[in-house]
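For reference, the chains in residue letters:
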Amino acid sequence: MSLLSESFLQRANNADAVDPLAPLAEKFYRREGVNYLLGNSLGPLSKASESSLLRVIEEWKTLGVRGWEAGAEPWFIWTEKLSAQIAQIVGAAPEEAVLANSLTVNLHQLLGTLFKPAGGRQKILTHELTFPSDRYALQGHLGMRGLDPVKNLVTVSSEDGLTLDEDVIIESMSDREVQMAVLPSVLYRSGQLLDLPLLTEAAHERGILIGFDLAHSVGVMPHQLSEWGVDFAFFCTYKFLNGGPGSVGGIYLNKRHFGKAPGLAGWFSAAPEKRFTGHEFLPDCGNALALQTGTPAILSLAPLEGALGITLEAGLEGIREKSLKMTQFLIDGLQNEMKGLGVAIATPLEPERRGGHVAILHDDAANLAKVLRESGVIVDFRAPNLIRIAPSPLFNRFVDCASALGQIKKILTTEGCLGLQGETALVP
Ligand SMILES: *Cc1c(COP(=O)(O)O)cnc(C)c1O
């Protein structure tokens, strides 16, 4: 018996009944007794990803090295083929996107390629809520260039510790020593979506290059990176793109930066016919593909072949529409069905400021997340008091969201259910 109102539960059933993406859920593996709501951390396995991965393993077994040229889809062409699909997903021309490396390595690659401290402009603008890996990369890179990582990182602060104000970011751009801004599309904790076109325009008006970390937006909403004139972007593909644990990351490089020598160069920075041509360094530094460095990680690209097909079949507009409906459903449930239970919402309530997940705040969030996971509701906890719920528009149903809310309400209204209260909770 759910503790939620009959009308709210009915709303979930009604939404599922008219959901045009509902049939896609069949394409993924679902486990009995598990309500998986963590599409922003590790997307679920699709049957298509499983078969593209198994196909490559079979080719390795039977063809060995000939797989590079003789596979059903020769491994040599995978990067180009899948990168063109990724370009479509982020709103770029085919040669402006590439799948390679990991998100963090790609940030290093882009800094190495585009950060040119000169003419009194040697600072990078970022913010205080940044994902740790991005901050470490920025600091590390500044240090590598012989620049003081503290003095040369302009860190925009957050008033509430959860969200950023675009006006404050733009004010910080007036520092004339800033050469580059590196910001997120969606903040990984609160799920706030920043106004990328606005920030891009503001940066360019001040002669600043701007790039975005799309980890929490790629695959769950449309982007028009070329149209917006963004300089660069980087992302992972194991979150809403369902590429599997540690799947290959991505880069977007605006055409205007083609021809720049890659900061992290390698034989795959050169065109295929020139990779072995010897000692002349980098015969042609071309488009985004020049940023891939070395041999493509075929086993970590393989699941993407299957997964990207599903995203493209669904279409980014339809995905965003369903995602917003799901997050709205969660927000409405939290606001109307859980009064007096100590739950607050950290995610902006306006749809245009919201990414693909909803973050909730609770004083004992660590234990709440732990008990939820033990009961099969897979969400995650971010210290000290935040829980993220991330429905995948391809995989989840509205009833999954209702069921998670029902479970949260049950835990919070059952005395002693958060039994570890007061003790140091283990991070689940
Ligand atoms: C997931 C995530 C990362 C992870 O980077 P990897 O190099 O793939 O480990 C980085 N930044 C943000 C904002 C993320 O959400």
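Everything numeric in this text was worked out from a predicted model, so none of it was measured. (Residues numbered from 1 in each chain as written. Predicted model: local features only at pLDDT ≥ 70, side-chain atom pairs only at ≥ 80, totals over all residues. Heavy atoms only, no water.)

Peer 1: Is there a simple way to explain the packing of aromatic side chains in this structure?
Peer 2: Enumeration according to the criterion identifies 9 aromatic pairs in this entry. Between phenylalanine 28 and phenylalanine 395, the ring centres sit 5.8 Å apart and the planes meet at 75°, which makes this aromatic pair edge-to-face. Here phenylalanine 28, found in the loop between α1 (6-17) and β1 (35-36), pairs with phenylalanine 395, found in the loop between β13 (386-389) and α13 (398-413); they are 367 residues apart in sequence, far enough to count as distant. With relative accessibility at 4%, the residue phenylalanine 28 sits in the buried group. Its relative accessible area of 4% is what places phenylalanine 395 among the buried residues. Taking the centre distance of 5.6 Å and the plane angle of 80° together, the rings of tryptophan 68 and tryptophan 75 count as edge-to-face. In this structure, tryptophan 68 and tryptophan 75 share a single accessibility class: buried. An aromatic cluster is defined as three or more aromatic residues linked by ring pairs; in this entry it consists of Phe8, Phe329 and Phe398. (Phe/Tyr/Trp six-rings, centres within 6.5 Å; stacked < 30°, edge-to-face > 60°. Helix = DSSP H or I, 4+ residues; strand = E, 2+ residues; numbered from the N terminus. Buried < 20%, exposed > 50% of the residue type's maximum accessible area, 1.4 Å probe, protein only.)

Peer 1: Help me understand a nonpolar patch on the surface, please; the structure alone is not making it clear to me.
Peer 2: Residues Leu54, Ile57, Trp60 and Leu299 make up a contiguous nonpolar surface patch of roughly 410 Å² in combined accessible area. For isoleucine 57, the location among the structural elements is in helix α2 (residues 47-63). (Patch = residues over 30% accessible without salt bridge, like charges linked within 9 Å, V, L, I, M, F, W, Y side chains within 5 Å. Areas by Shrake-Rupley, 256 points an atom, 1.4 Å probe, with all protein chains shown as cover. Salt bridge = Lys/Arg side-chain N within 4 Å of Asp/Glu carboxyl O.)

Peer 1: Looking at this structure, how should I read the domain arrangement of the chain?
Peer 2: The accessible area lost on association of the parts is a frequent measure of interface size. When the domains of the chain are assigned, the result is domain 1 (6-30 + 315-413) and domain 2 (51-313). Contacts between domain 1 and domain 2 engage 29 residues on the former and 23 residues on the latter. Its largest share of buried area at the contact with domain 2, domain 1 owes to Leu316, Arg353 and His357, together 25% of the area lost on that side. At the junction of domain 1 and domain 2, the tally comes to 1 salt bridge. Lysine 27 is paired through a salt bridge with glutamate 313; the nearest N and O atoms lie 3.8 Å apart. (Domains from an automatic or database assignment. Contact = heavy atoms within 4.5 Å. Buried area = accessible area lost by both parts, 1.4 Å probe.)

Peer 1: Help me understand the pairing of strand β5 (residues 178-184) in this model?
Peer 2: Every other side chain in a regular strand lies on the same face of the sheet, so the side chains alternate between the two faces. Of all 7 residues in β5, 7 are buried; the element is thus mostly enclosed. Direction of pairing for strand β3 (residues 123-127) relative to β5: parallel, over a ladder of 3 bridges. When the sheet's bridge partners are listed, leucine 125 is paired in β5 with alanine 181. With 5 bridges joining them, β5 and strand β6 (residues 209-213) adopt parallel strand pairing. Bridging across to β6, valine 182 finds its partner in glycine 211. The β-α-β motif built from β5, the intervening helix α8 (residues 196-205) and the parallel element β6 has right-handed crossover chirality. (Pairing = 2+ DSSP bridges. Right-handed = clockwise from strand over helix to strand, strands pointing away.)

Peer 1: Help me understand the packing of α1 against helix α11 (residues 316-336) in this model?
Peer 2: Packed helix pairs are specified by the crossing angle of their axes together with the interaxial distance, meaning the distance between the axes. Running from amino to carboxyl end, α1 crosses α11 at an angle of 175°, the nearest separation of the two axes being 12 Å. Considering their axes alone, α1 and α11 lie roughly antiparallel with respect to each other. Of α11, the residues touching α1 (which contributes Phe8, Arg11 and Ala12) are Gln328, Phe329, Asp332 and Gly333. When grouped by side-chain class, the residues that make up the contact of α1 with α11 number 3 nonpolar, 2 polar and 2 charged. (Axes fitted to C-alpha atoms, helices over the stretch in contact; angles between N-to-C directions. Parallel < 35°, antiparallel > 145°, perpendicular 65-115°, else oblique. Nonpolar A, V, L, I, M, F, W, Y, C, P; charged D, E, K, R; others polar.)

Peer 1: Please explain the side chain of serine 49 as it appears in this structure.
Peer 2: Mapped onto the elements of the fold, serine 49 is located in helix α2. Among the polar contacts listed, one links the side chain of serine 49 to the backbone oxygen of proline 303, at a separation of 2.7 Å. At 3.4 Å, the side chain of serine 49 and the backbone nitrogen of alanine 307 are in polar contact. In this structure, serine 49 is in contact with Asn242, Pro303, Gly306 and Ala307, ignoring residues within four places of it in sequence. (Polar contact = N/O pair within 3.5 Å; in protein donor to acceptor, adjacent residues only side chain to side chain.)

Peer 1: How should the site of the ligand be read in this particular structure?
Peer 2: For the ligand, the full set of nearby residues is Ser102, Leu103, Thr104, Phe131, Asp134, Asp213, Ala215, His216, Cys236, Tyr238 and Lys239. Between the ligand and the protein, one listed contact pairs a nitrogen atom with a side-chain N or O atom of aspartate 134 at 3.1 Å. Take tyrosine 238: an N or O atom from its side chain is 2.5 Å from an oxygen atom of the ligand. Relative to its unbound accessible surface of 380 Å², the ligand loses 84% to contact with the protein. One can see that the ligand is located within the largest pocket. Within the shell around the ligand, the residues separate by chemical class into 5 nonpolar, 3 polar and 3 charged. (Near = heavy atom within 4 Å. 1 Å grid on protein atoms, 1.4 Å probe; cavity = no way out; pocket = protein on both sides within 12 Å on 5 of 7 lines; lining within 4 Å. Sits in = over half its atoms within 2 Å of the grid points.)

Peer 1: I keep staring at the layout of surface pockets and nothing clicks. Help me out?
Peer 2: Reported here for the largest pocket is a volume of approximately 300 Å³. Looking at the lining of the largest pocket, the elements that each hand over two or more residues are α5 (103-114), β3, α6 (132-144) and β5. For the lining of the largest pocket, the element with the highest residue contribution is β5, accounting for 3 residues. Class assignment of the residues belonging to the lining of the largest pocket gives a composition of 13 nonpolar, 11 polar and 3 charged. Estimates place the volume of the second largest pocket at around 200 Å³. Lining of the second largest pocket is provided by 15 residues; of these, Leu193, Leu194, Leu196, Trp228 and Glu352 occupy positions nearest its centre. Broken down by class, the residue content of the lining of the second largest pocket amounts to 7 nonpolar, 3 polar and 5 charged. Split by domain, the residues of the lining of the second largest pocket number at least three in each of domain 1 (6-30 + 315-413) and domain 2 (51-313). (Points joined across faces, edges and corners; volume = space filled by probe spheres on them.)

Peer 1: Help me understand the sheet that holds strand β12 (residues 380-382) in this model?
Peer 2: Sheet strands pair via backbone hydrogen bonds, and the direction of the pair is either parallel or antiparallel. One open sheet accounts for 4 strands, arranged β9-β10-β13-β12; its pairing is antiparallel. Taken across any chain shown, the strands that pair with only one partner, and hence form the sheet edges, are β9 (344-345) and β12. Sheet topology note: the strand β10 (residues 358-361)/β13 ladder contains 4 bridges and is antiparallel. Looking across to β13, one finds that valine 358 is bridged to isoleucine 389. Contacts from α11 reach β9, β10 and β13, with the element oriented near 20° to β10.

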